[in-house]
Amino acid sequence: MNMDKLRFPSGRSVDRARQDAKTLSREAGIPLAQALDQVCSKNGMHQPWNSALASLKASANAVVCVCCSEPQSDRTNPLMVVSADFDDGGQELVHLHCAKNDSRYGCCWCCRDERIFLAVDLNDADECPDHRGESVSDSLEEDIDSYIENVRNNS
Ligand SMILES: [Zn+2]
Ligand SMILES: [Zn+2]
């Protein structure tokens, strides 16, 4: 989702409000989280930043793909929630097909097409944080098996 499109009731965009909060945090010497909440209520939403953002997104019809801005079309191309912790506590929805054509996203070989991850959250072996290291142990076991076989054959 393009965050520029999200606006507070005051008309201020979420991106601008975030910058306001950073400035406020620096100038007033308060934690950023507190500054975000203050900026939030100044712009007409009297609730914590994260929940305000969530309801802004919901009202902005967030049930569309971040890549193509289309809703779910058919079962073979599901609109999926990207498994990632975004800074703003929000979520991204993306079509399976769009994710596969976008270098920003990737799939874990172990989770297959059941989950979509941010490419940065996958390691070189295409493993998600939950499956990190699994392919390494698999190939290690294979190595040991073939080693044992070699020893047997040679004796
Ligand atoms: Zn899409
Ligand atoms: Zn996985």
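That block above? That's the structure.
Computed from a predicted model, the values in this text were never measured in an experiment.

1. Regarding helix 2 (residues 32–42)
No. 1: If you check which residues of helix 2 are buried, you get Ala35, Leu36, Asp37, Val39 and Cys40.
No. 2: A positive backbone phi angle near 100° is found at Gly44, which sits one or two residues after helix 2.

2. Some thoughts on helix 1 (residues 14–28)
No. 1: Its 15 residues give helix 1 an end-to-end C-alpha distance of 20 Å, which sits within 8% of 21 Å, the value for a rise of 1.5 Å per residue.
No. 2: Once helix 1 ends, the next one or two residues include Gly29, with phi positive near 65°.

3. Digging into the sheet that holds strand 2 (residues 93–95)
No. 1: With mixed pairing, four strands are arranged side by side in an open sheet as 2-1-4-3. At either margin of the open sheet sits one strand with a lone partner, and together these are strand 2 and strand 3 (105–106).
No. 2: With three bridges connecting them, strand 1 (residues 79–83) and strand 2 associate as antiparallel partners. When the sheet's bridge partners are listed, Val81 is paired in strand 2 with Leu93.

4. Focus on the environment of Val120
No. 1: Summarising the element assignment, Val120 is placed in the loop between strand 4 (116–118) and helix 5 (134–154).
No. 2: For Val120, a count of 10 C-beta atoms within 10 Å corresponds to the exposed category.
No. 3: As a C-alpha pair, Val120 and Arg104 span 16 residues in sequence and 7.7 Å in three-dimensional space.

5. Here we look at the packing of helix 1 against helix 2
No. 1: The N-to-C vectors of helix 1 and helix 2 enclose an angle of 130°; their axes lie 8 Å apart at closest approach. Between helix 1 and helix 2, the angle falls in the class oblique. You can see that helix 1 and helix 2 cross each other, and the crossing is right-handed. Residues Ala17, Asp20, Ala21, Lys22, Leu24 and Ser25 of helix 1 touch helix 2, and the partners they reach there are Leu32, Ala35, Leu36, Gln38 and Val39.
No. 2: Split by residue class, the contact of helix 1 with helix 2 holds seven nonpolar, two polar and two charged.

6. Focus on the nonpolar core
No. 1: Counting residues in hydrophobic clusters, the biggest one holds 13 residues, and the most contacted among them are Leu36, Val39, Cys40 and Ala52.
No. 2: Going through the elements one at a time, helix 1, helix 2 and helix 3 (49–59) are the ones with two or more residues in this core.
No. 3: Contact partners of Val39, with chain neighbours within four places excluded, come to Ala17, Asp20, Ala21 and Leu24.
No. 4: Formed by 12 residues, the second largest nonpolar core is a distinct cluster that contains Cys65, Met80, Val94 and Phe117.

Rules and cut-offs
Residues numbered from 1 in each chain as written. Chains lettered and ligands numbered in written order. Predicted model: local features only at pLDDT ≥ 70, side-chain atom pairs only at ≥ 80, totals over all residues. Buried ≥ 20, exposed ≤ 12 C-beta atoms within 10 Å, placed from the backbone. Helix = DSSP H or I, 4+ residues; strand = E, 2+ residues; numbered from the N terminus. Expected span 1.5 Å × (residues − 1). Pairing = 2+ DSSP bridges. Axes fitted to C-alpha atoms, helices over the stretch in contact; angles between N-to-C directions. Parallel < 35°, antiparallel > 145°, perpendicular 65-115°, else oblique. Left-handed = near helix turned anticlockwise from the far one by under 90°. Contact = placed C-beta atoms within 7 Å. Nonpolar A, V, L, I, M, F, W, Y, C, P; charged D, E, K, R; others polar. Core = buried A, V, L, I, M, F, W, Y, C linked by C-beta atoms within 7 Å.

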